[in-house]
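Listed below, chain by chain, are the residues.
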Amino acid sequence: MSFSGGLQCGSLVTESSATIVTLPGFANNGQLVQGSVSDLTGIDFAEAKSELQAQASSLCSAGGVAATRSGNAITLAGTSEASQAFTVNVADINAASSLTLTVPDASAVEQVVVNIVGSSAINMGGFQTFLNGVSSGLVTYVVCGAPTASFKNFGLYGNLLAPSSAVTIQNAQLLGNVVALSLTGVGSGEVHVPTCPTSAPSPSASPAASASASPSASASPSSSASPSASASPSSS
């Protein structure tokens with residue numbers, strides 16, 4: 001396992017058999033914890049993967065209101081309903097530089113699902129999101145078919161549900177919970193979860209190692225349209 005940079009929230013959990021190459025700098029009482037990942041976290045990652053893939057498939061199949069694109073701007077025209085869903089094509093989101101959600105009453109919104117549909121790779125760079133009063137924690141972007149998703153040089157506000165996609169963050173930030181088949185950070189790639197865990201699993205061992213290389217990890221929050229905020233990456 002090679003994970004560099006800084007881990008500002010939570011701990012890093014690996015199997016006892018994992019080979020440690022490099023580790024990040026830990027903050028807020030975070031640490032390396034080795035042992036049985038399923039026992040330490042209470043998460044069956046194989047089961048969680050299946051559940052989250054089924055959830056993503058269900059959300060994608062349900063569809064939603066089609067987004068409109070004018071030039072480089074995508075607009076999601078919402079209503080006052082508590083739960084809202086939209087679809088946007090991969091080709092459109094790759095060509096755009098902004099996404100704007102408009103709703104009559106932001107306080108009435110409890111959940112927004114944005115399905116990104118298409119089998120081509122997602123490549124978003126220099127992008128801006130304008131949610132106009134809707135909390136980013138209520139917005140979930142669902143990847144529907146793209147094998148890879150790359151985010152470069154911007155901050156994506158909202159949760160990302162991509163359980164069948166390899167996700168790369170390059171000099172960018174994902175500001176929400178992330179579910180991905182794999183997650184790689186390049187440069188200053190960062191994930192900012194809404195709530196930082198306050199305690200770590202009891203460690204069985206914590207070997208020391210220095211930090212330098214790009215992280216590769218996957219998170220498995222509980223299965224709801226807006227993924228929950230506690231996950232412990234595993235590596236082997």
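In case you missed it, the structure is sitting above this.
The following refers to the structure shown.

Conventions and cut-offs
Residues numbered from 1 in each chain as written. Predicted model: local features only at pLDDT ≥ 70, side-chain atom pairs only at ≥ 80, totals over all residues. Heavy atoms only, no water. Disulfide = S-S within 2.5 Å. Helix = DSSP H or I, 4+ residues; strand = E, 2+ residues; numbered from the N terminus. Buried < 20%, exposed > 50% of the residue type's maximum accessible area, 1.4 Å probe, protein only. Phe/Tyr/Trp six-rings, centres within 6.5 Å; stacked < 30°, edge-to-face > 60°. Polar contact = N/O pair within 3.5 Å; in protein donor to acceptor, adjacent residues only side chain to side chain. Salt bridge = Lys/Arg side-chain N within 4 Å of Asp/Glu carboxyl O. Pairing = 2+ DSSP bridges. Axes fitted to C-alpha atoms, helices over the stretch in contact; angles between N-to-C directions. Expected span 1.5 Å × (residues − 1). Arc of directions from axis to C-beta. Contact = heavy atoms within 4.5 Å.

Overview of the state of the cysteines
Inference 1: Per the stated rule, a full pass over the model turns up 1 disulfide.
Inference 2: The disulfide partner of Cys60 is Cys144, and the S-S distance across this bridge is 1.9 Å. Residues Cys60 and Cys144 are joined through a disulfide that is left-handed, its torsion about the S-S bond being -85°. A residue pair is termed long-range when its members are at least 10 positions apart, and Cys60 in helix α2 (residues 45–62) and Cys144 in strand β13 (residues 139–144) qualify at 84 residues.

Regarding unusual backbone geometry
Inference 1: We note that Asn28 has phi near 55°; this positive angle belongs to a residue other than glycine.
Inference 2: Looking at the element boundaries, Asn28 is found in the loop between β3 (25–26) and β4 (32–35).
Inference 3: Residue class for Asn28 comes out exposed when judged on its relative accessible area of 55%.
Inference 4: Positioned with a positive phi, Asn132 is a non-glycine residue whose angle comes to about 50°.
Inference 5: Inspection of the secondary structure assignment puts Asn132 in the loop between β12 (128–130) and β13.

Concerning the packing of aromatic side chains
Inference 1: Taken as a whole and assessed by the stated rule, the structure comprises 2 aromatic pairs.
Inference 2: Taken together, a centroid distance of 6.2 Å and an interplanar angle of 50° make the contact between Phe151 and Phe154 tilted. Phe154 carries the same exposure label as Phe151, and that label is buried.
Inference 3: Counting every residue linked through ring pairs, the aromatic cluster contains Phe127, Phe151 and Phe154.

Topic: the side chain of Asn159
Inference 1: On the secondary structure map, Asn159 appears in strand β16 (residues 159–170).
Inference 2: Assessed through its relative accessible area of 1%, Asn159 is described here as buried.
Inference 3: Within polar-contact distance, the side chain of Asn159 engages the backbone oxygen of Gly137 at 3.1 Å.

Notes on the pattern of salt bridges
Inference 1: For the coordinates displayed, the defined rule picks out 1 salt bridge.
Inference 2: Two residues, Arg69 and Asp92, come together in a salt bridge whose shortest N-O distance is 3.1 Å. Placement of Arg69 in strand β6 (residues 68–70) and of Asp92 in helix α3 (residues 90–95) is noted, with a sequence separation of 23 residues between them.

Examining the sheet that holds β12
Inference 1: One open sheet accounts for 4 strands, arranged β6-β7-β9-β12; its pairing is mixed. Here the strands that pair on one side only, and so sit at the sheet edges, are β6 and β12. Mean inter-strand twist for the sheet, computed between neighbouring axes without regard to direction, equals 20°.
Inference 2: Judged from the 3 bridges that link them, strand β9 (residues 98–102) and β12 form a sheet pairing that is parallel. For Ser98, the partnering residue across the bridge sits in β12 and is Gln128.

Comments concerning α2
Inference 1: Given a rise of 1.5 Å per residue, 18 residues ought to cover 26 Å, and the 25 Å separating the end C-alpha atoms of α2 matches this to within 8%.
Inference 2: For α2, every residue scored as buried is listed here: Phe45, Ala48, Leu52, Gln55, Ala56 and Leu59. Viewed end-on, α2 has its buried residues packed into an arc of 95°, placing them on one side of the element. Residues of α2 that are exposed and point more than 90 degrees away from the buried face comprise Ala46 and Ser61.
Inference 3: Each element contacted by the buried residues of α2 is listed here: α1 (37–41), β10 (111–117), β13, β16 and β18 (178–186).
Inference 4: One side-chain oxygen of the residue at the start of α2 lies 3.2 Å from the amide nitrogen of Ala46, identifying that residue as Asp44.
Inference 5: Just downstream of α2, Gly63 is the residue with a positive phi angle, here 70°.

Some thoughts on the sheet that holds strand β19 (residues 190–191)
Inference 1: Here 3 strands make up an open sheet; going across it, the order is β15-β17-β19 and the pairing parallel. Each of the sheet's edge strands pairs with one partner strand only, and the pair in question is β15 (155–157) and β19.
Inference 2: In terms of strand pairing, β15 meets strand β17 (residues 173–175) through 3 bridges, oriented parallel. Among the inter-strand pairings, Tyr157 is bridged to a residue of β17, identified as Leu175.

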